[in-house]
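Here are the chains, one letter per residue:
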Amino acid sequence: MSSFFDLFDPTASTSDHDLNGNSSNSNDDDEEDMFLSYDEMLSKNTNSQKRSVAIPPRLQNHQPFVQHQYSPCTAMIDFDLDILPPEPQLGNIEYKLKLINPSKQRFEHLVTQMKWRLREGNGEAIYEIGVSDSGQLHGLSDADMNCSLHTLNQMARKLDASTSVLRRKTLTAGRSVVEVLVRKIPDDQHNIEVRVAVLGGADAGKSTLLGVLTQGEFDNGRGRARLNMFRHMHEIQTGRTSCISHETLGFDQQGNVINYKYNEMMTAEEISDRSTKLVTFMDLAGHRRYLKTTVQALSGYLPHHALIVVGSGSTISNMTKEHLAIVHALDMSFSIVVTKCDLIPPDDVLFELKNLLTAVGYRKVPYQVTNEDDVLNANAHQNVEQIVPIFCVSNVTGDGLDLLTKYLYVLSPGISNSEKERLEQEPVEFQIDEIFKVAEVGLVVGGLLCKGVITENIQVRIGPQMDGTFMPVTVQTIHRNKAPCRVVRAGQSASLSFYPGDDIPPLRRGMVILPDYEEEDIAYGSYFFQARISVLFHATRIYKGFQTTMHIGSIRQTAVIVGIMEQTDGIRTNQTASVMFRFVRHPEYVRPGMRVLFREGTSKGIGKVTQVFPLNQKVN
């Protein structure tokens with residue numbers, strides 16, 4: 001398997017500095033920006049352009065490698081070539097040749113720069129010490145490196161952030177380069193959270209893998225580890241997951257795992273409180289019978305990343321290929337975990353995965369992770385669409401699990417803090433995906449807060465009802481990660497309960513919670529909506545009258561096509577058109593811009609809502 005290091009041409013750039021750190025062309029952005037304010041720096045970086053990465057001539061004819069734009073989150077230390085891509089203007093990665101005894105003014109500038117990088121990485125930033133802005137690895141002596149790391153720690157403490165060394169490379173003449181992770185938990189959060197969906201065919205070992213990761217004990221080879229993942233008796237009896245199961249895995253500042261084995265009395269609430277980073281897993285069903293539940297979870301909960309689990313010794317099932325196609329259609333970053341490697345060598349399934357991922361339609365680069373350097377390289381390139389990390393693990397012997405755990409520790413949410421803050425400023429929109437009835441509490445709804453902020457005692461509206469209207473209710477309590485809290489923010493999943501005295505209407509999945517606006521601003525549900533769709537696959541053509549299962553956020557309902565605007569002779573595979581849909585059973589809350597995923601048998605399509613026709617308006 002080709003090394004990912006070969007993607008970067010050692011002749012792509014040259015050094016702008018000599019070994020003493022002197023710039024030969026005044027191209028050091030640190031010196032240019034020394035007197036820029038925080039807002040000016042934000043504006044400067046926002047308007048910067050992406051850079052193109054050159055592929056070496058020896059790889060230009062290699063099928064999996066495709067020319068791509070350089071992503072801001074793709075820096076890595078190449079242990080074969082003493083060069084990195086040029087420093088990205090956007091993203092959370094910063095190059096520093098040295099940080100030795102900066103002046104007070106220079107130190108304040110460096111702190112502001114770190115604040116911006118942390119903002120871009122949603123609380124996480126990567127610093128490459130001993131590297132020039134052009135990407136050349138010059139390295140520092142031990143004394144200079146210790147002084148630079150001391151300065152970096154002081155910068156981090158100024159922002160109440162923590163630092164941890166990810167890796168170190170020794171160059172010639174005793175010089176070295178160090179990669180450091182800087183992490184700052186946002187002021188309004190207890191930790192940095194990443195949502196990870198776990199998918200794959202039946203019997204691939206998804207629940208067993210999560211049981212080993214979250215419980216801290218290896219499996220006995222007969223499925224003991226998965227028992228804690230199941231929520232229903234029939235799941236224990238059949239060994240198959242049928243609903244969405246949520247589990248958490250925590251990490252402290254040094255990257256140590258915090259799970260239920262951390263101490264004898266550990267609870268989910270204590271895992272959340274002790275962790276600076278929290279990985280929330282969604283264990284999804286692998287049997288075709290429960291495909292609709294799996295698709296709804298991916299569409300409604302919007303996980304940051306997906307793990308596709310494949311069992312070694314078996315061919316890749318059609319269900320696994322179905323999950324892979326859905327994740328790809330939703331434009332979601334994903335990795336692959338090959339389990340049961342203690343029973344059968346994974347060579348055959350790795351070869352099959354390579355052929356699948358490099359085929360037309362995916363054009364991915366399979367990248368097998370075999371050591372910690374591969375882990376950091378794979379994580380640094382998760383936003384580059386061509387890269388798919390592959391882990392080979394055993395839940396019985398524990399082989400490969402340390403690499404997967406390290407990968408989860410450095411895995412980024414993939415959304416910048418500025419985008420998160422923008423979503424928090426918008427009106428509340430909470431999508432209901434689960435409904436419970438708890439003794440002495442009453443009805444409880446679980447789901448994802450897409451926009452806005454919800455606090456205890458806030459007045460909201462819930463709906464739509466059969467007539468399209470929304471009913472006023474008051475949020476009483478909020479729970480996140482099985483622990484009570486007082487506020488939930490955009491991008492977080494939570495469970496909400498309401499005051500018992502409220503006139504709570506009949507609830508169903510797919511409903512939403514919206515702000516309690518004035519009378520003239522109240523939203524209505526819709527039967528009809530228009531979307532711009534692209535057909536990913538259909539055996540023949542899609543015509544007017546075609547019925548399909550529609551997934552829009554947490555909405556899952558049958559819809560029928562009542563009009564096709566452009567393709568009068570029907571829509572075929574890879575064709576795009578504007579289509580008018582009508583929900584069959586009841587109205588739903590849909591707004592322009594929402595992502596659409598529809599499926600019917602092997603037919604699939606994606607798109608976006610362009611226009612909505614609420615029940616209080618007439619369709620022309």
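Parameters and conventions
- Residues numbered from 1 in each chain as written.
- Predicted model: local features only at pLDDT ≥ 70, side-chain atom pairs only at ≥ 80, totals over all residues.
- Heavy atoms only, no water.
- Helix = DSSP H or I, 4+ residues; strand = E, 2+ residues; numbered from the N terminus.
- Areas by Shrake-Rupley, 256 points an atom, 1.4 Å probe, with all protein chains shown as cover.
- Buried < 20%, exposed > 50% of the residue type's maximum accessible area, 1.4 Å probe, protein only.
- Polar contact = N/O pair within 3.5 Å; in protein donor to acceptor, adjacent residues only side chain to side chain.
- Contact = heavy atoms within 4.5 Å.
- Patch = residues over 30% accessible without salt bridge, like charges linked within 9 Å, V, L, I, M, F, W, Y side chains within 5 Å.
- Salt bridge = Lys/Arg side-chain N within 4 Å of Asp/Glu carboxyl O.
- Lys, Arg positive; Asp, Glu negative; His and termini not counted.
- Charge placed at Lys NZ, Arg CZ, Asp CG, Glu CD.
- Pairing = 2+ DSSP bridges.
- Axes fitted to C-alpha atoms, helices over the stretch in contact; angles between N-to-C directions.
- Core = buried A, V, L, I, M, F, W, Y, C linked by side-chain atoms within 4.5 Å.
- Phe/Tyr/Trp six-rings, centres within 6.5 Å; stacked < 30°, edge-to-face > 60°.
- pLDDT = per-residue confidence, 0-100.

### Looking at the overall build of the protein
Inference 1: A count of helices and strands for the protein gives 13 helices and 27 strands.
Inference 2: Only carbon and sulfur atoms are counted for the fraction: they give 48% of the accessible area of the protein, which is about 26500 Å².

### Looking at the environment of Gly216
Inference 1: Along the chain, Gly216 turns up in the loop between helix H5 (206–215) and helix H6 (233–238).
Inference 2: Judged by relative accessible area, which is 27%, Gly216 ranks as partly exposed.
Inference 3: Placed 43 residues apart in sequence, Gly216 and Asn259 show a C-alpha to C-alpha distance of 6.5 Å.

### Comments concerning the side chain of Glu588
Inference 1: With respect to the helices and strands, Glu588 occurs in the loop between strand S25 (576–583) and strand S26 (595–600).
Inference 2: A polar atom in the side chain of Glu588 sits 2.8 Å from the side chain of Gln557.
Inference 3: One polar contact links Glu588 to His586, side chain to side chain, over a distance of 3.4 Å.
Inference 4: If sequence neighbours within four positions are ignored, Glu588 has contacts with Pro464, Arg508, Gly510, Gly525, Ser526, Ile555, Gln557 and Phe583.

### Here we look at a negative patch on the surface
Inference 1: Negative charge collects at one region of the surface, where Asp342, Glu372, Asp399 and Asp402 lie side by side.
Inference 2: Of note, Asp402 is situated in helix H12 (residues 401–410).
Inference 3: Given a relative accessible area of 53%, Asp402 falls into the exposed group.

### Quick look at the sheet that holds strand S1 (residues 93–96)
Inference 1: One open sheet holds the four strands; their spatial order is S1-S2-S4-S3, and the pairing between them is mixed. Edge positions in the sheet fall to S1 and strand S3 (162–170), since each of these pairs with one other strand and no more. Neighbouring strand axes in the sheet, compared pairwise and without regard to direction, differ in orientation by 20° on average.
Inference 2: Note that S3 and strand S4 (residues 176–183) share eight bridges and pair antiparallel. Bridging from a neighbouring strand, Thr170 pairs with Ser176 of S4.
Inference 3: Sheet contacts for helix H3 (residues 104–120): S1, strand S2 (124–129) and S4; angle to S2, the most-contacted strand, approximately 130°.

### Topic: the nonpolar core
Inference 1: Residues Leu209, Leu213, Phe281, Phe391 and Leu408 are the most contacted members of the largest nonpolar core, which totals 43 residues.
Inference 2: Top contributing element to this core by residue count: H12, with seven residues.
Inference 3: Setting aside residues no more than four positions away along its own chain, Leu213 makes contact with Leu249, Asn259, Phe281, Leu401, Leu404, Thr405 and Leu408.
Inference 4: Judged by nonpolar contacts, the second largest core, of 35 residues, contains Leu291, Leu324, Ile326 and Leu356.

### Here's the deal with the packing of aromatic side chains
Remark: the centre distance and the inter-plane angle together describe each pair of aromatic rings, the angle taken between the planes.
Inference 1: Evaluation of the coordinates by the stated rule reveals six aromatic pairs.
Inference 2: Ring geometry for Phe470 against Tyr589: centres 6.0 Å apart, planes inclined by 90°, an arrangement best described as edge-to-face. One end of the pair, Phe470, is in the loop between strand S16 (459–463) and strand S17 (471–480); the other, Tyr589, is in the loop between S25 and S26, with 119 residues separating them in the sequence.
Inference 3: Among the residues examined, Tyr589 registers a relative accessible area of 14% and is labelled buried.
Inference 4: Considering the side-chain rings of Phe581 and Phe598, the 6.4 Å spacing of their centres and the 50° angle between planes classify their relative orientation as tilted. Taken as a pair, Phe581 in strand S25 and Phe598 in strand S26 lie far apart in primary sequence, 17 residues in all.
Inference 5: Taken together, the ring pairs in this structure connect Phe529, Phe581, Phe583 and Phe598 into an aromatic cluster.

### As for H5
Inference 1: Taking burial as the measure, the 10 residues of H5 include nine buried ones, the bulk of the element.
Inference 2: The set of residues buried in H5 consists of Lys206, Ser207, Thr208, Leu209, Leu210, Gly211, Val212, Leu213 and Thr214.
Inference 3: Two residues or fewer past H5, Gly216 is found with a positive phi of approximately 80°.

### What to know about the confidence of the model for the protein
Inference 1: Of all residues in the protein, 81% attain a pLDDT of 70 or more, and the chain-wide mean is 80.
Inference 2: Confidence drops under a pLDDT of 50 for residues 1–75, and excluding neighbours within four residues, the segment shows 159 contacts in the predicted structure.

### Considering the environment of Ser132
Inference 1: With respect to the helices, strands and loops of the structure, Ser132 is situated in the loop between S2 and helix H4 (142–158).
Inference 2: For the pair Ser132 and Lys98, spaced 34 residues apart in the sequence, the C-alpha separation amounts to 8.8 Å.
Inference 3: Among the polar contacts made by the side chain of Ser132, one reaches the side chain of Ser134 at a distance of 3.0 Å.

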